[in-house]
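# Tertiary structure, described
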Amino acid sequence: MNNAQPTRTGGRWTAIIPIVVVALLVGAFAKRLIDVESGQDPALVQSVLLNTPVPDIDLPPLPDREPGLKTPDLKKEVSLVNVWGSWCIACLSEHPLLMDLAEQKQVPIHGIAWRDDPSASVRWLARNGDPYDLIGQDPVSEAAIAFGVTGAPETFVIDGDGIIRYKHIGPITPDVWANTIAPMVEQLRQ
Amino acid sequence: MKILGLATCILAGSVFALVAYAVEPDEMLDDPALEERARVISQDLRCVVCQNETIDESNATLAQDMRRLVRQRILAGDSNEDVLAYMVDRYGDFVLLRPRVTSQTLLLWFGPFILLVFGVIIAARYIKRPTAAETSNLSPEEMAEVEALIQKTEGADQK
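Just so you know, the residues in each chain are numbered from 1, in the order the chain's sequence is written. Here chains are named by letter from A upward and ligands by number from 1 upward, in the order in which they appear as written. In keeping with the model being predicted, local features are shown solely for residues with a pLDDT of at least 70 and side-chain atom pairs are shown and tallied solely at 80 or more, while totals for entire chains, interfaces and linings include all residues. To obtain the side-chain values, all non-hydrogen atoms of the structure were used and water was disregarded.

Helix and strand definitions follow DSSP, with helices as H or I runs of at least four residues and strands as E runs of at least two, each counted in order from the N terminus. Per the secondary structure count, chain A includes five helices and seven strands. Helices and strands appear in chain A in the N-to-C order α-β-β-β-α-β-α-β-α-β-β-α. Radius of gyration here uses only the C-alpha atoms, and the compact-globule reference equals 2.2 Å multiplied by the residue count raised to the power 0.38. The C-alpha radius of gyration of chain A comes to 25 Å, more than 25% above the 16 Å expected for a compact globule of 190 residues. Its C-alpha atoms give chain A principal-axis dimensions of roughly 100 × 35 × 30 Å. Whether two residues touch is decided by their heavy atoms; if any such pair falls within 4.5 Å, the residues are in contact. At a minimum sequence separation of 6, the contacts of chain A that also span at least 24 residues come to 73%. Here chain A displays about 10300 Å² of accessible surface, and carbon together with sulfur accounts for 58% of that area. Residues scored as positive are Lys and Arg, those scored as negative are Asp and Glu, and His as well as the terminal groups of each chain are ignored. For this purpose, a charge sits on NZ of Lys, CZ of Arg, CG of Asp or CD of Glu. The distance from the centre of the 15 positive side-chain charges to the centre of the 23 negative ones in chain A is 10 Å. Using a 1.4 Å probe, the Shrake-Rupley method yields the accessible areas, and only the shown protein chains count as cover for residues.

Here's what the structure looks like:
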């Protein structure tokens, strides 16, 4: 009795391996869940085009809304480029905010009418208001792919030199505007 | 006979469905060799809308436009790598369905092998572990004592 010893010579330290592995996995899963909860969804594709010049585009205008949108237009001042379509439900939800921004002349907003029937785009703007400075049509995703767009709406913040500084995926909410985009626009203007 | 014909159609349809991809005839290149290259490239590119389909399989409009762009690049003289690089420049490594070996993907590529090595080591330890009899370190007196206890218990059981 008094010289009782562990009969296993395998060593006890191996027993904690499963616990450590499970703890690590739980930690990793928990981090992902928290990330997704707080909006850093890894399924949202981060743009590799950040801090690179806007791609070369030369998009035709909508009917009776000359001119279109081309790269030199984006190198004049800090501006937003909003990828949208009349078929895009989420675009409608951010539209009132864009209208407010345009009315208050906060920052020029250019539109890319992505994969949309031009007459449908025009009707949509007539019905919901037109906050855009310039609009270019992108019927076959030429500009969308060049900008690395994965869905609509997406909004790019372009600085005065035509460098892409930020990309927002999904509708711009008042919160996103006030806390992220507005301060960035302010900073880029200095 | 009508039923047989219908059954044949359904069967033929389901076989066709197995090999059908999203590529539509009007998208295809005239040169079969170039078209084949476009198909190969498309199967390595992720549909960024649907995310777990290749652009070759996806019916999403953006996938369709990406397929068209792949063919445009091929006609412009790009190699397969050039076309993939063109897409990576715009969408990042994410657009590749077969991740490249980079410092960020080392764990993804080699993690399973590391786990396998661990598993083999642990399994080997368990298999080689000596049985209780082999590790018995009781003194002769203690063995006698144990023996006596066993005898006693067995005797009690028989009563």
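This paragraph deals with the packing of aromatic side chains. Where two aromatic rings form a pair, the distance of their centres and the angle of their planes describe that pair. Planes of paired rings set the category: under 30 degrees apart is stacked, over 60 is edge-to-face and the rest tilted, where pairs are Phe, Tyr or Trp rings (Trp by its six-membered ring) whose centres lie within 6.5 Å. As enumerated under the stated definition, the model contains four aromatic pairs over all chains in all. Here Trp84(A) and Trp124(A) contribute two aromatic rings whose centre-to-centre distance is 5.7 Å and whose plane-to-plane angle is 50°, an arrangement assigned as tilted. Residue Trp84(A) is found in strand 3 (residues 79-84), and its partner Trp124(A) is found in helix 3 (residues 118-128); the two are separated by 40 residues along the sequence. Seen in terms of ring centroids, Phe147(A) and Phe156(A) are 4.9 Å apart; in terms of plane orientation they differ by 50°. Their pairing is tilted. Residue classification places Phe147(A) among the buried positions, given a relative accessible area of 1%. Put simply, the rings of Trp84(A), Trp124(A) and Tyr132(A) pair up and form one aromatic cluster. Across the ring face of Phe94(B), the terminal group of Arg46(B) is positioned such that the distance to the ring centre comes to 4.3 Å. Only protein chains enter the accessibility calculation, which uses a 1.4 Å probe; a residue is then buried when its area is under 20% of its type maximum, exposed when over 50%, and partly exposed in between. Here, a charge over a ring means that NZ of Lys or CZ of Arg falls within 6 Å of the ring centre while also lying within 35 degrees of the ring normal.

Further remarks concern the confidence of the model for chain A. The predictor attaches a confidence to each residue, called pLDDT, with possible values from 0 through 100. Averaged over all residues, the pLDDT of chain A is 89; the fraction at 70 or higher stands at 90%. Element-level pLDDT for chain A is lowest in helix 1 (residues 16-37) of chain A, with a mean of 90, against a maximum mean of 97 in strand 4 (residues 109-114) of chain A.

For the rest of this paragraph, the subject is the pattern of salt bridges. Any Lys or Arg side-chain nitrogen located within 4 Å of an Asp or Glu carboxyl oxygen qualifies as a salt bridge. Counting across every chain of the model gives 14 salt bridges over all chains. Of the charged contacts, one joins Lys167(A) and Glu154(A) as a salt bridge, the two residues approaching to 3.3 Å between their closest N and O atoms. With Lys167(A) in strand 7 (residues 164-169) and Glu154(A) in strand 6 (residues 154-158), this residue pair connects regions lying 13 residues apart in the sequence. Between Arg100(B) and Asp93(B) there is a salt bridge, with the nearest N and O atoms lying 3.0 Å from each other. For Arg100(B), a relative accessible area of 42% puts it in the partly exposed group. For Asp93(B), a relative accessible area of 39% translates into the label partly exposed. Connected via shared salt-bridge partners are Lys70(A), Asp73(A) and Lys76(A).

As a further point, take the domain arrangement of chain A. Domain assignment breaks chain A into domain 1 (11-39) and domain 2 (58-189). A C-alpha centroid distance of 42 Å is found between domain 1 of chain A and domain 2 of chain A. For the purposes of this description, domain bounds are those given by an automatic or database domain assignment.

This next bit is on the state of the cysteines. Residue and element names in this part refer to chain B. Criterion for a disulfide: a pair of cysteine sulfur atoms within 2.5 Å. Within the structure shown, the criterion is met by two disulfides over all chains. Across the disulfide, Cys-47 is cross-linked to Cys-50 (sulfur-sulfur distance 2.2 Å). Here the disulfide of Cys-47 and Cys-50 is right-handed, its torsion about the S-S bond being about 80°.

What follows concerns the sheet that holds strand 3 of chain A. Residues and elements named next belong to chain A. Being paired, for any two strands, means DSSP has found at least two bridges between them. Reading across from one edge, 5-4-3-6-7 is the order of the five strands in this open sheet, with mixed pairing throughout. Taken across any chain shown, the strands that pair with only one partner, and hence form the sheet edges, are strand 5 (135-138) and strand 7. Along the sheet, successive strands turn relative to each other by an average axial angle of 20°, direction set aside. Note that strand 6 and strand 7 share five bridges and pair antiparallel. Its bridge partner being in strand 7, Glu-154 is matched across the sheet by Ile-169. For helices, the fitted axis covers only the stretch in contact; all axes are lines through C-alpha atoms, and the angles between them, taken along N-to-C directions, range from 0 to 180 degrees.

This part is about the environment of Lys105(A). Residue and element names in this part refer to chain A. Inspection of the secondary structure assignment puts Lys-105 in the loop between helix 2 (89-103) and strand 4. By relative accessible area, Lys-105 is classed as exposed at 72%. C-alpha of Lys-105 to C-alpha of Pro-131: the two residues are 26 residues apart in sequence and 9.8 Å apart in space.

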